[in-house]
Amino acid sequence: MSTSSIEATSIPQPQRPWRQAKRAWRQAIVMLVVSVVGATLLMQVTGLAGVIGSYVAFALVFPVVAFLASMKYGKKAGQDKMASAIICLAFGTAFMPWMSILFTVFNRGREAFYSGFLTTDMLVNSSDQPLNMGGLSHAIVGTLILIFIASMVAIPLGIITAIYIVEVKGRFASYARFFTQAMSGVPSIVAGLFIYTTIVVVVFNRFNALAGGLALAILMLPTVARTAEEVLKLVPDDLRAASYAMGASQFSTVFRIVLPTVRSGLVTASILGVARVAGETAPLLLTSQYFVQLTTNILDGPMASLPTYIFANLGAGSDTSVARAWGGSAVLMSIVFILFVTARLLGGRNTKSRH
Amino acid sequence: MESTDLKQREIVIRRGLADRIFRRAMATGAILSLSLLALIASFLLFRGFEVFRDFGFSFITSAKWDSGSADGVTPASFGIAAMLVGSVVTAIIAITVALPFAICVALFLEYYAPSFIRKPLTAVLDLVAAIPSVIYGIWGYTILNNLAAGWAKSLNSWFDWIWFFKVPAPIFTRSPFIAGLLLALMILPITTSVAREVYSQAPRDQIDAAYGLGGTKWGAIRSVVMPFGRSGLVGGAMLGLGRALGETVAVYLVLNLVFKINLQILASAGGNVASLIATRFSEATPYELKGLMAAGLVLFLVTLAVNATATLIVNRARNTA
Amino acid sequence: MSLVLQGQVGRGEFSREVDVTVQHGEILAIVGANGSGKSTVLQTIAGIAALKSGRLSFDNVVWDEPITKIFTPAQDRHCGVVFQDLRLFPHLSLIANVAYGLRATGLSKQEAHARAAEELTLVGLDELADRKPGQVSGGERQRVALARALVLRPPVLLLDEPFASVDVSSRQGLRDLLPSLVQGYQGSVVLVSHDPEDVQALATNILAFG
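What this report covers is the structure whose coordinates are included nearby. Note that the coordinates shown come from a computational prediction; the quantities given were computed from them, not determined experimentally. (Residues numbered from 1 in each chain as written. Chains lettered and ligands numbered in written order. Predicted model: local features only at pLDDT ≥ 70, side-chain atom pairs only at ≥ 80, totals over all residues. Heavy atoms only, no water.)

## As for the overall build of chain A
Within chain A, the regular secondary structure consists of 14 helices and zero strands. In chain A, the order of α-helices and β-strands from amino to carboxyl end is α-α-α-α-α-α-α-α-α-α-α-α-α-α. The C-alpha radius of gyration of chain A comes to 27 Å, more than 25% above the 20 Å expected for a compact globule of 355 residues. A principal-axis box enclosing the C-alpha atoms of chain A has dimensions of 75 × 70 × 35 Å. The 355 residues of chain A split such that 57% are buried. For chain A, the exposed area adds up to about 14900 Å²; of that, 67% sits on carbon and sulfur atoms. Mean positive and mean negative side-chain charge positions of chain A (26 and 13 charges, respectively) differ by 15 Å. (Helix = DSSP H or I, 4+ residues; strand = E, 2+ residues; numbered from the N terminus. Rg over C-alpha atoms; globule rule 2.2 N^0.38 Å. Buried < 20%, exposed > 50% of the residue type's maximum accessible area, 1.4 Å probe, protein only. Areas by Shrake-Rupley, 256 points an atom, 1.4 Å probe, with all protein chains shown as cover. Lys, Arg positive; Asp, Glu negative; His and termini not counted. Charge placed at Lys NZ, Arg CZ, Asp CG, Glu CD.)

Here's what the structure looks like:
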């Protein structure tokens, strides 16, 4: 029993680990048993039921048991134990839905997979045909094209904005920093509307992938700019001073010294930007829309993408089309995860993404 | 005493041609990305202006959204009150649910988790922050919807003496409550990461002092960490609120779009401005499109205001640390 | 005709009065304890820090004068600087480090690398030219920093604790090398060190900072 009070107050005391551990285990088991009994009683009274109901009952009872168990060391020790219990339980609870999402996506996504799922499009197949016909090659290609267009615009512009803020430190630097931060909160559908009224309606007079890419670029820009800004700030001023002292201009200082030293960080910034927009749906509904066939013409007509493929198949409503939507989700999720892990591996610990 | 650091002193430097071009080019790029916000606002205003002119203030206060009949017998009528209220209600539910969890997860990661799992858990948190909204949507639509309808039923049976837990009919799916829960899950990573950042900056010496005076871990957190992180936490919550206000597909998939102001959060009726735009866009008449542009402008201005305020608060919390 | 610095140098709260004149071909050594402002003097001359008051000029060209707001940026002063912490560019090879300043003067890559190679030979590093700074020893890095400053044939050469980051064994070698490099050098040299022994062999004048 005394282990808990040592932890709680963290007063160093002579330790006899073998005995303490045994006692701690015994206490934990007693607390668990009491909590389970309490939770069962609570379920009888309130009508909570099922797996989640039992968990909720347990989560309500356990902190109270923890409080009571430590009460004999004083009220403060009791509160401390209860707070620990609540915080740990809340943490566990928060992660459950995400685990459920990941599990469901890959579990149900498996259903749609067959040898041709990644290599055929839906031109000759309707979405409620059996799952061994058709696939989402068109959506994968479309997403890659859209991401490519968005990157071509957002990565240079984002890095230039970061250079302006950190290196040039011009008159508008503080505004540029503030508004790129604020821009990260622009609702994606608004970016879609904007591109629709300008690019789709005025310039091309038709839906196309270029418009979709540009809408994604608006959403990608703040992520790239903010992360690149953080990365550039990591370059020590001493290095810049050394470059100037050798007679170099700011231009060559930035392009030959600053940018090369943080190359991997900038790659990370770009990948995080891509991961941010790879799954965007709303702006694409208004710009590149959805199409059943693999197309590569970015100027003429709608183009499929993974998010809109999921959305369209979910909307179609039949069992097989919903299965296709889950399959699409699994593919999309894998792509986002691969991007994300790549960014982490390249960027190391220093690169923090900013919102 | 006058300070004469290089950065502070006003210095007239004549730069070389390459540098002048370089600086001009970078400034142009930065101003271009800066002016995007202004461009968005002005284009939406330009396109939606006719609707603002025709309906005036009732565009905000009326709950009726009707594109009218093609023959002109029923005139079009556009008002986004129901959708605005829906946006706010779902966002408030989201932040109310998400905030306590964000605090607990942040405290757990900073002060409770054993150090060897802290890094992997943080990585997982960053990872789930990148889950696309359409995936939240499909999960919410197929899994959460049914689960949470059951919870809503229980809430309704226990608390139906509170007016906003009442329902007109016993249908509990696709309600603002469920949309709010899904949004809570979506904004939890960003709110948590801001909370973590401010909590991690709490002064170590004061925490040690609180311990040293015979306090408990929770005592130190309550008396030092939480007060220190309060303003940053408000900023983080507002960032989350801004995201929740503007979410489209996830809400579209789990909320039943009804053009009626609904404050009964368990009832199967609601909507938000973003999902209104996504729903009506594909079959909108030219005039209705202008209405959607106007709605988009309102949404843009509201989220921008929330976000700018949040950004100010978070930046101040970062800098004072 | 010389480097003249009269006035207050300092950063932030710190400041101290300085009055130094260095003729062409002269080697001034500033010795003193850490924190006495020796390095700040060098940074002020190099153009990385600014004067608080007074005047800095070279050959009657004003480099820094707060009262008239004249300030010549570091890149236009063409000083050769060896920093205390060296500050080699980590992503560039040794030869590219040495050639960097030359390229900034407008030389082509070929010419710059040719001259950098000569300079590296002088300091005995020609065989390591393609390594990165992280792949060579501390003494070798120190010599690269010297070569990088000297290759520019700068009118003003600033050496900040040129022996500080070197282990004892290579310290003597460097001490022997430096005079031969500086011999016959026509510019003004300012050398900063906390160790009087370092400067004895080199300096023509010694200034003590308290």
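## Regarding the sheet that holds strand S5 (residues 61-65) of chain C
What links the strands of a sheet is backbone hydrogen bonding, and the strands pair in either a parallel or an antiparallel sense. Residue and element names in this part refer to chain C. The strand order across the open sheet formed by five strands is S2-S1-S4-S5-S6, and the pairing between neighbours is antiparallel. Each of the sheet's edge strands pairs with one partner strand only, and the pair in question is strand S2 (16-23) and strand S6 (70-71). Two elements, strand S1 (residues 2-9) and S2, share eight bridges in a ladder whose sense is antiparallel. Following the sheet pairing, Gln6 is matched in S2 by Asp19. Contacts from helix H1 (residues 38-46) reach S1, S2, strand S4 (53-58) and S5, with the element oriented near 120° to S1. (Pairing = 2+ DSSP bridges. Contact = heavy atoms within 4.5 Å. Axes fitted to C-alpha atoms, helices over the stretch in contact; angles between N-to-C directions.)

## Things to note about the environment of Val98 of chain C
Considering the arrangement of structural elements, one finds Val98 of chain C in helix H2 (residues 94-104). With residues up to four places along the chain from it excluded, the contact list for Val98 of chain C reads Ala116, Glu119, Leu120, Val144, Ala147, Arg148 and Val151 of chain C.

## Looking at helix H9 (residues 237-245) of chain A
Side chains three or four residues apart in an α-helix point the same way, a direct result of the helix having 3.6 residues per turn. Taken across its nine residues, H9 of chain A has seven buried, putting it largely inside the fold. All of the buried residues along H9 of chain A are Leu239, Arg240, Ala241, Ala242, Ser243, Tyr244 and Ala245 of chain A. If you follow the buried residues of H9 of chain A, they end up packed against helix H5 (137-168), helix H8 (209-233) and helix H10 (250-261) of chain A together with strand S7 (79-82), H2 and helix H4 (138-150) of chain C.

## Section: the packing of helix H6 (residues 173-183) of chain A against H8 of chain A
Residue and element names in this part refer to chain A. Two elements in contact, H6 and H8, have axes whose closest approach is 8 Å; the angle formed by their N-to-C orientations is 135°. Overall, the two elements H6 and H8 adopt an arrangement that is oblique. For H6 against H8, the interelement crossing comes out left-handed. In this structure, H6 contributes Arg177, Thr180, Gln181 and Met183 to the contact, and H8 contributes Ile218, Leu221, Pro222, Ala225, Arg226, Glu229 and Lys233. Considered class by class, the residues forming the contact of H6 with H8 number five nonpolar, two polar and four charged. (Parallel < 35°, antiparallel > 145°, perpendicular 65-115°, else oblique. Left-handed = near helix turned anticlockwise from the far one by under 90°. Nonpolar A, V, L, I, M, F, W, Y, C, P; charged D, E, K, R; others polar.)

## Points about the pattern of salt bridges
All names here are of chain B. For the structure on display, the rule yields 19 salt bridges over all chains. The salt bridge involving Glu197 is made with Arg318; its shortest N-O contact spans 2.6 Å. Here Arg318 lies in helix H11 (residues 286-320) and Glu197 lies in helix H6 (residues 176-200), a separation of 121 residues in the sequence. Arg318 shares its class with Glu197; the two are buried. (Salt bridge = Lys/Arg side-chain N within 4 Å of Asp/Glu carboxyl O.)

## Looking at the interface of chain A and chain B
In this complex, chain A contributes 90 residues to the contact, which on the side of chain B involves 89 residues. A combined buried area of about 7700 Å² lies between chain A and chain B, and 79% of that area is made up of carbon and sulfur atoms. Counting across the chain A and chain B interface gives one salt bridge. Here Asp126 of chain B ties to Arg344 of chain A by a salt bridge, and the two come within 3.4 Å at their closest N and O atoms. Run the count over chain A and chain B and you get 14 residue pairs in polar contact (both at pLDDT 80 or more). (Buried area = accessible area lost by both parts, 1.4 Å probe. Polar contact = N/O pair within 3.5 Å; in protein donor to acceptor, adjacent residues only side chain to side chain.)

## Looking at the packing of aromatic side chains
A complete count under the given rule lists 27 aromatic pairs over all chains for this structure. Ring centres of Tyr196 of chain A and Phe207 of chain A lie 6.0 Å apart, and the angle between their planes is 25°; this geometry places the pair in the stacked category. Of the two residues, Tyr196 of chain A is situated in helix H7 (residues 188-204) and Phe207 of chain A in the loop between H7 and H8; the sequence distance between them amounts to 11 residues. A residue is classified by how much of its surface remains accessible, and Tyr196 of chain A, at 11% relative accessible area, is buried. Among the aromatic residues, ring-to-ring pairing joins Trp158, Phe159, Trp161, Trp163, Phe164 and Phe165 of chain B into one connected group. Here the basic side chain of Arg77 of chain C rests over the ring of Phe71 of chain C, its NZ or CZ set 4.9 Å away from the ring centre. When the ring centre of Phe89 of chain C is taken as reference, the NZ or CZ atom of Arg148 of chain C above it lies at 5.0 Å. (Phe/Tyr/Trp six-rings, centres within 6.5 Å; stacked < 30°, edge-to-face > 60°. Lys NZ or Arg CZ within 6 Å of the ring centre and 35° of its normal.)

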